[in-house]
Each structure stands twice: as C-alpha cells, then as structure tokens.
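Here's the letter readout for the chains.
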Amino acid sequence: MGLFRIVVGLLFACHGAASLFGVLGGAMGGGTVPAGTWPSWYAAVIQLGAGGLVLFGLGTRTAAFLASGSMAYAYFKVHQPESLFPLQNGGETAALFCWAFVLLVFTGPGALALDGLFRGRVGAGATARRTSEEREEQATPVTA
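Definitions and cut-offs
- Residues numbered from 1 in each chain as written.
- Predicted model: local features only at pLDDT ≥ 70, side-chain atom pairs only at ≥ 80, totals over all residues.
- Heavy atoms only, no water.
- pLDDT = per-residue confidence, 0-100.
- Contact = heavy atoms within 4.5 Å.
- Phe/Tyr/Trp six-rings, centres within 6.5 Å; stacked < 30°, edge-to-face > 60°.
- Helix = DSSP H or I, 4+ residues; strand = E, 2+ residues; numbered from the N terminus.
- Buried < 20%, exposed > 50% of the residue type's maximum accessible area, 1.4 Å probe, protein only.
- Core = buried A, V, L, I, M, F, W, Y, C linked by side-chain atoms within 4.5 Å.
- Axes fitted to C-alpha atoms, helices over the stretch in contact; angles between N-to-C directions.
- Parallel < 35°, antiparallel > 145°, perpendicular 65-115°, else oblique.
- Left-handed = near helix turned anticlockwise from the far one by under 90°.
- Nonpolar A, V, L, I, M, F, W, Y, C, P; charged D, E, K, R; others polar.

## Quick look at the confidence of the model for the protein chain
Working step 1: Of all residues in the protein chain, 82% attain a pLDDT of 70 or more, and the chain-wide mean is 84.
Working step 2: Here residues 122-129 is a poorly scored stretch, pLDDT under 50, and it has zero contacts once near neighbours within four places are set aside; other chains count.

Written out as structure tokens, the structure reads:
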C-alpha cells in the first residue's frame, strides 16, 4: 500500500506543479493557471499540497480526503455535464484519482510513511518508559 500511496501522491502533485509553475508541459498543454482563479488555481494548490502530503505519508488520510473531494468536484462540475461516462467526457483521470484517494482514506498510508516514523518514536519512548516503571514496581519489595 505504501508504493501505491507514493505513486498516486507523486502523480497528483505533478498535476498541481504543472498548473502552478508551468513545468512538465504546463497547464492543459502549456502555461500556468492565473493566480486566484476559481476553481483552477485552487484545485492546483490542493493537487500540489495534498499530493505532496500523500507522497510523503504526512496526514495521509486527511490529505487524501481533501484530494478525493476536489476530484469529485472536478468530475461532477467540469466533466459530467458533457456526458455521463468518464470515457466520453474526459474525466477518467478525475474519477481514478477520486477513488484512489478514497481508498487511501480508509487504508491509511501503509509502509514508508513519515507518519509512521513519528508515531514509532513516540510509541517506542512511551513503551520504554512504561517498561522501566513496571520494572521498578516489580523490584520494590512490599513491606507491611
């Protein structure tokens, strides 16, 4: 699941970077999205930010939830009015990203996530502390 999260996050972040900075071919074949335009610029910011968070596994469930919602909005507002099916309306990418992020909301980040690294440190310290406290209690003789 970790590799799936990394690939989906990277691809999503690339869409945002292309729209905001004109890299990787730019927005829709070239150029950038004008700053502050609704909804394109905000979608690009969500793509770059949420994609990066998902890529690195930081706040994966929250970022994936936001990204999934933005792709659902893109599908129903931009693509679906053209035609019902994604193959006919050009919304395959939006539909696939939407469902991929829904999957990540429920499965979590998986392996190689920075969330797990931070949780591991806190959890290990708490476990080590608890273990030493338990040892002290067991070593102390009970007197009446």
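## Quick notes on the packing of aromatic side chains
Working step 1: Using the criterion set out here, one finds seven aromatic pairs in the structure.
Working step 2: Judged by centre distance (4.7 Å) and plane angle (65°), the ring pair of F12 and F101 falls under edge-to-face. Here F12, found in helix α1 (residues 2-21), pairs with F101, found in helix α5 (residues 92-107); they are 89 residues apart in sequence, far enough to count as distant.
Working step 3: Residue F101 is classed as buried on the basis of its relative accessible area of 0%.
Working step 4: When the centroid spacing of 5.6 Å and the interplanar angle of 55° are considered together, the rings of W38 and Y42 count as tilted.
Working step 5: Using a relative accessible area of 37% as the deciding quantity, one classes Y42 as partly exposed.
Working step 6: Taken together, the ring pairs in this structure connect W38, W41, Y42 and Y73 into an aromatic cluster.

## Considering the nonpolar core
Working step 1: Of all hydrophobic cores here, the largest spans 17 residues; its most connected members are F12, V54, A64, M71, F97 and F101.
Working step 2: The element contributing the most residues to this core is α5, with seven residues.
Working step 3: Each residue touching V54, except ones within four places of it in the same chain, is listed here: R5, G9, T60, A63, A64, F101 and L104.

## Some points on the packing of α1 against helix α2 (residues 40-56)
Two quantities define a packed helix pair, namely the angle between the axes and the distance from one axis to the other.
Working step 1: At a minimum axis separation of 7 Å, α1 and α2 run at an interaxial angle of 150°. Compared by their axis directions, α1 and α2 come out roughly antiparallel. As α1 packs across α2, the resulting crossing turns out to be left-handed. Here R5, I6, G9, L10, F12, A13, H15, G16, A17, S19, L20 and F21 of α1 come into contact with α2, specifically with W41, A44, V45, I46, Q47, L48, G51, G52, V54, L55 and F56.
Working step 2: Considering only residue class, the contact of α1 with α2 consists of 15 nonpolar, seven polar and one charged.

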